[in-house]
Amino acid sequence: TELKKQDIKENNMQGKIYGIGVGPGDLELMTLKAVRLIREVDVIAIPGKEKETCTAYQIALGAVPEIDEKEIIPVVFPMTKNESVLKESHEAAVQSLTALMDQGKTIAFLTLGDVTIYSTYGYVHQKLLSLGYESILVNGVPSFCAAAAKLGISLGEKAEAIHILPGSYPVADGLELPGTKILMKSGKKIGDVKRELMERELPAWMVENCGMDGERLFESASEIAEDAGYYSLIIAKDREEQ
């Protein structure tokens, strides 16, 4: 690794990569910085097999139409918790990205929402840094902020705590925390999360496909659709004392 870092330092033509959050879905929520960098880079890396079905790419395309003329590199991250499979996909991603940077190319790796919140790019980012490559994170509007605005509710006021929970993992302990609970990436576990919320009689809301086609709002735990899509986010508050 140290030899690799030294080789990179001696190569003045070394490229760099930007992990860019393109926001939750509404193209108008993309930052000016994201738009500028997407226009400037040589290559666009997308989390998926093809740009036509990559949500992050389609969001960026709406704001930066000329992105369609750039070189695209697909980076596939399987939807699994199998550590060996994930590690293999991360290594493959690093190899394909470093090959381009070794040619002096700059890359924009597109991610939904904000790149620092449950983003698969985080694993790649750390690996690239350890190898001596320049990887820069560029923030985007987080999905839970956009969802709260869409619902017209505040996430936190005064001393109210805000907790972010991965909904595809057990949430019982997290729901006992005081304050606002944000449940992301519930996926196929939405039904389980709904039952936990109803059992505790917690005020809850859900936004499906926030800022995208097919957007739906749910304003109570009982209304939450158990067949809602992957891009669904739940916000729960403390139970109101009677």
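Predicted model, so just to flag it, every value in this text is computed and none were measured.

### So, the pattern of salt bridges
Argument step 1. As enumerated under the stated definition, the model contains 14 salt bridges in all.
Argument step 2. Two residues, Lys 181 and Asp 238, come together in a salt bridge whose shortest N-O distance is 2.8 Å. Placement of the pair is Lys 181 in strand S7 (residues 180–184) and Asp 238 in the segment after strand S10 (232–236), with a sequence separation of 57 residues.
Argument step 3. Of the residues examined, Asp 238 reaches a relative accessible area of 35% and is grouped as partly exposed.
Argument step 4. Put simply, Glu 176, Glu 196 and Arg 200 are held in one network by salt bridges that share partners.

### Notes on the sheet that holds strand S5 (residues 134–138)
Argument step 1. Ordered in space as S3-S2-S4-S1-S5, the five strands form an open sheet in which the pairing is parallel. Each end of this open sheet is capped by a strand with a single partner; those strands are strand S3 (71–74) and S5. Across the sheet, the mean angle from the axis of one strand to that of its neighbour is 25°, orientation sign disregarded.
Argument step 2. Helix H2 (residues 32–40) contacts strand S1 (16–21), strand S2 (43–46), strand S4 (107–111) and S5 of the sheet and is inclined by roughly 140° relative to S1.
Argument step 3. Helix H5 (residues 121–130) contacts S1, S4 and S5 of the sheet and is inclined by roughly 150° relative to S5.

### Concerning the side chain of Arg 200
Argument step 1. Within the secondary structure, Arg 200 sits in helix H8 (residues 190–200).
Argument step 2. On the accessibility criterion, Arg 200 (15% relative accessible area) is buried.
Argument step 3. Residue contacts for Arg 200: discarding those within four places in its chain leaves Ala 172, Leu 175, Glu 176 and Arg 239.

### Brief notes about unusual backbone geometry
Argument step 1. The phi dihedral of Tyr 118 is positive, around 50°, even though this residue is not glycine.
Argument step 2. The topology assignment puts Tyr 118 in the loop between S4 and H5.
Argument step 3. A positive phi angle is found at Glu 201, which is not glycine, with a value near 55°.
Argument step 4. Tracing the backbone through its elements, the reader meets Glu 201 in the loop between H8 and strand S8 (204–208).
Argument step 5. Under the relative-accessibility criterion, Glu 201 is labelled exposed at 56%.

### Considering helix H4 (residues 83–101)
Argument step 1. In this model H4 runs 27 Å from its N-terminal to its C-terminal C-alpha over 19 residues, within 8% of the 27 Å that 1.5 Å per residue would give.
Argument step 2. Buried within H4 are the following residues: Leu 86, Ser 89, His 90, Ala 93, Val 94, Leu 97, Thr 98, Leu 100 and Met 101. Projected onto a plane normal to the axis of H4, the buried residues spread over an arc of 160° and lie on a single side. Exposed side chains of H4 directed beyond 90 degrees from the buried face belong to Ser 84, Glu 88 and Gln 95.
Argument step 3. Packing partners of the buried residues in H4 comprise S1, S2, S3, S4, H5 and S5.

Criteria and thresholds
- Residues numbered from 1 in each chain as written.
- Predicted model: local features only at pLDDT ≥ 70, side-chain atom pairs only at ≥ 80, totals over all residues.
- Heavy atoms only, no water.
- Salt bridge = Lys/Arg side-chain N within 4 Å of Asp/Glu carboxyl O.
- Helix = DSSP H or I, 4+ residues; strand = E, 2+ residues; numbered from the N terminus.
- Buried < 20%, exposed > 50% of the residue type's maximum accessible area, 1.4 Å probe, protein only.
- Pairing = 2+ DSSP bridges.
- Axes fitted to C-alpha atoms, helices over the stretch in contact; angles between N-to-C directions.
- Contact = heavy atoms within 4.5 Å.
- Expected span 1.5 Å × (residues − 1).
- Arc of directions from axis to C-beta.

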